[in-house]
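# Inside the fold
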Amino acid sequence: MGCVRIRHYEAKDKEALTDICKETAWESYKKDPQKLATVPINFLDYFLEFEPSHVLVAADSDDRAVGYIECTTSYSRFVKTTKQVFFPRLEAVDPSQVPFEKRFLFALHFIRRWPAHLHINLTAEYQHQGLGTKLIDALIDQLKKEGFTRLAICGVERGSASYGFYRHYGFTEIWVYSPKLVSLGIRFKGEKS
């Protein structure tokens, strides 16, 4: 596998990140090509098109993307752009996904005071090697330099591997949607509760 480094997103990474996004999609989406085509629209395209400076890539020794972390730093911009740009794209590919995205935006409403929220994906081959931690470390370093003091992730299932990973990193529950579904957040060192 060789050495993996964390670097900023470059336009050449788009296809690889789209493939990773689809590879890590829910199994039910992988079985339905139409739903699978909506996964990058829901979880990737906004970041690449509107906040590429907040996309960091884990690249292998051949500089091939094997994972990424992305973050928006403005709740209101994310919501507005999603409605204006990405709802029509979803409608064109699979209209059934618009209500899903609306529910996601509604879920984000409850953590809007945590405007920096993230999404992370790694190919199966590169999971469980500490890259998730390195990606979050790099993103937090960048956000601190930009003056941000906290970061959130929306809609994590309690008891899942993701939940354990984020809790181990230092994220805490900031909103409870149901007994099984929560949002997690982390305050950077120096911020008062």
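A short tour of the structure in this document, coming up. (Residues numbered from 1 in each chain as written. Predicted model: local features only at pLDDT ≥ 70, side-chain atom pairs only at ≥ 80, totals over all residues. Heavy atoms only, no water.)

A few words on the pattern of salt bridges. The final tally for this structure, using the stated rule, is twelve salt bridges. Two residues, Lys-12 and Glu-10, come together in a salt bridge whose shortest N-O distance is 3.6 Å. Glu-10 sits in the partly exposed class, given a relative accessible area of 34%. Across the pair Arg-89 and Glu-49 runs a salt bridge, and its minimum N-O distance is 2.8 Å. On the criterion of sequence distance, the pair formed by Arg-89 in helix H5 (residues 75-93) and Glu-49 in helix H4 (residues 45-50) is long-range, its members being 40 residues apart. For Glu-49, a relative accessible area of 35% translates into the label partly exposed. (Salt bridge = Lys/Arg side-chain N within 4 Å of Asp/Glu carboxyl O. Buried < 20%, exposed > 50% of the residue type's maximum accessible area, 1.4 Å probe, protein only. Helix = DSSP H or I, 4+ residues; strand = E, 2+ residues; numbered from the N terminus.)

Contact geometry of helix H3 (residues 33-43) with helix H6 (residues 97-109) gives a least axis separation of 11 Å together with a crossing angle of 30 degrees. With respect to H6, the axis of H3 lies roughly parallel. Here the hand of the crossing between H3 and H6 comes out right-handed. Residues Lys-35, Thr-38, Asn-42 and Phe-43 of H3 form the contact with H6, whose own contacting residues are Gln-97, Phe-100 and Glu-101. A class-by-class count of the residues in the contact of H3 with H6 yields two nonpolar, three polar and two charged. (Axes fitted to C-alpha atoms, helices over the stretch in contact; angles between N-to-C directions. Parallel < 35°, antiparallel > 145°, perpendicular 65-115°, else oblique. Left-handed = near helix turned anticlockwise from the far one by under 90°. Contact = heavy atoms within 4.5 Å. Nonpolar A, V, L, I, M, F, W, Y, C, P; charged D, E, K, R; others polar.)

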